[in-house]
Amino acid sequence: MREALTAAASRRVTRPAPLRQAVYDALTELIVSGSLKPGQHLVEAELAEHLGVSRQPVREALQRLQTDGWVDLRPAQGAFVHSPTEKEAAQLLGVRAVLETYSAQLAAQHAKPADVERLWELHQEGVDALAANDVERLVAANTALHAFITAVADNAVLAELIAGVSQKVRWYYTPIARPRGKEAWNEHAQLIRAIAKGDTDRAGEVMRKHTERTTGFYGKRLAAGANQD
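What you see is a predicted model; the values in this text were computed from it and never measured. (Residues numbered from 1 in each chain as written. Predicted model: local features only at pLDDT ≥ 70, side-chain atom pairs only at ≥ 80, totals over all residues. Heavy atoms only, no water.)

(A) Spatial organisation of the overall build of the protein. Across its full length, the protein carries ten helices and three strands. Along the protein, helices and strands appear, N-terminal first, in the series α-α-β-α-α-β-β-α-α-α-α-α-α. Viewed in the frame of its principal axes, the protein has a C-alpha envelope of about 65 × 55 × 30 Å. Expressed as a percentage of the 229 residues in the protein, the buried residues total 38%. In the protein, 75% of the contacts between residues at least 6 apart in sequence involve partners at least 24 apart. The protein carries 28 positive and 28 negative side-chain charges, and their two centres are separated by 1 Å. (Helix = DSSP H or I, 4+ residues; strand = E, 2+ residues; numbered from the N terminus. Buried < 20%, exposed > 50% of the residue type's maximum accessible area, 1.4 Å probe, protein only. Contact = heavy atoms within 4.5 Å. Lys, Arg positive; Asp, Glu negative; His and termini not counted. Charge placed at Lys NZ, Arg CZ, Asp CG, Glu CD.)

(B) Representation of the nonpolar core within the structure. With 54 residues, the main nonpolar core has Leu27 and Leu62 as its most contacted residues. For leucine 62, the residues in contact, after removing those within four places along its chain, are Leu27, Leu42, Glu44, Leu47, Val71, Leu73 and Ala79. (Core = buried A, V, L, I, M, F, W, Y, C linked by side-chain atoms within 4.5 Å.)

(C) Representation of the packing of aromatic side chains in the model. Taken as a whole, this structure holds three aromatic pairs when the rule is applied. One cation-aromatic arrangement involves arginine 64 over tyrosine 24; the distance from NZ or CZ to the ring centre is 3.7 Å. Lying across the ring of tryptophan 70, lysine 168 places its NZ or CZ 5.2 Å from the centre. (Phe/Tyr/Trp six-rings, centres within 6.5 Å; stacked < 30°, edge-to-face > 60°. Lys NZ or Arg CZ within 6 Å of the ring centre and 35° of its normal.)

(D) Geometry of the sheet that holds strand β1 (residues 41–42). The strand order β1-β3-β2 describes an open sheet built from three strands, whose pairing is antiparallel. This sheet does not close on itself; its edge strands, each paired only once, are β1 and β2 (71–74). Two elements, β2 and strand β3 (residues 78–81), share four bridges in a ladder whose sense is antiparallel. If you follow leucine 73 over to β3, its bridge partner there is alanine 79. (Pairing = 2+ DSSP bridges.)

(E) Layout of the environment of histidine 123. By the element assignment, histidine 123 lies in helix α6 (residues 113–131). Residues histidine 123 and glutamate 86, 37 residues apart in the sequence, show an inter-C-alpha distance of 29 Å. The contacts of histidine 123, once residues within four sequence positions are left out, are Leu145, Trp185, His188, Ala189 and Ile192. Separated by 2.9 Å, the side chain of histidine 123 and the backbone oxygen of tryptophan 185 make a polar contact. (Polar contact = N/O pair within 3.5 Å; in protein donor to acceptor, adjacent residues only side chain to side chain.)

(F) Quick look at the side chain of threonine 28. Locating threonine 28 in the fold gives a position in helix α2 (residues 19–32). For threonine 28, a relative accessible area of 1% translates into the label buried. Once residues lying within four places of it in the same chain are set aside, the contact partners of threonine 28 are Leu65, Trp70 and Gln167.

(G) Representation of helix α3 (residues 44–51) within the structure. When we look at burial in α3, the residues that qualify are Glu44, Leu47 and Ala48. Projected down its long axis, α3 carries its buried residues within an arc of 100°, all on one side. Across from the buried face of α3, at angles greater than 90 degrees, the exposed residues are Glu46, Glu49 and His50. Downstream of α3 by one or two residues, glycine 52 has phi in the positive range, about 70°. (Arc of directions from axis to C-beta.)

(H) Main features of the environment of tryptophan 185. Inspection of the secondary structure puts tryptophan 185 in helix α9 (residues 181–197). As for tryptophan 185 and alanine 196, which are separated by eleven residues in sequence, their C-alpha atoms are 16 Å apart. The residues touching tryptophan 185, leaving out its near neighbours within four places in the chain, are Leu122, His123, Gly126, Leu138, Ala141, Asn142, Leu145 and Tyr173.

Geometric values such as these leave the question of function open.
Rendered as structure tokens:
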């Protein structure tokens, strides 16, 4: 019986994801990357054509996107990409600051020379992306560096919590990646040096200030956008 159940479970796990999940993932990525911008009207027929699917999985995905805070469904108007408020950003990025500060402290405790070498490689990728003015590559490099710090921290519960906010953090970070770039990557260098020295207090402090500055920068951007409306 146990063998039969194990085989059945294996078959379920290896099945392709439902179409509605694929559509949800595709639309989320379009929002996170900025291809679909905050406040943009989402037309089911256009999205279905773009994704090469029928309207039904798009409609289902939009319902779920609303539940998860990516989309606003307005009666008699349709679907619109959600526009994050300053309060929402402050709350999410504030949680991220607490989690990543602890992550940096743990990374300083556990980092091996090979880990530090890899951090410098990821840092160089970010610096190169900044020099090339490649926002997509810059965001990817930032995500990779923070994710590796979390991996070095070696705390499964912490990693799960960070993963829960990382996608929206990437969404918020994308529009400020270039203007904040030089300062942010200088801060990353300070952080790597602290981790390399095993200085947990310094690593935590650098990460705390780094994430707080990102939060403040994003808040200023939101305020400037509101003043322009």
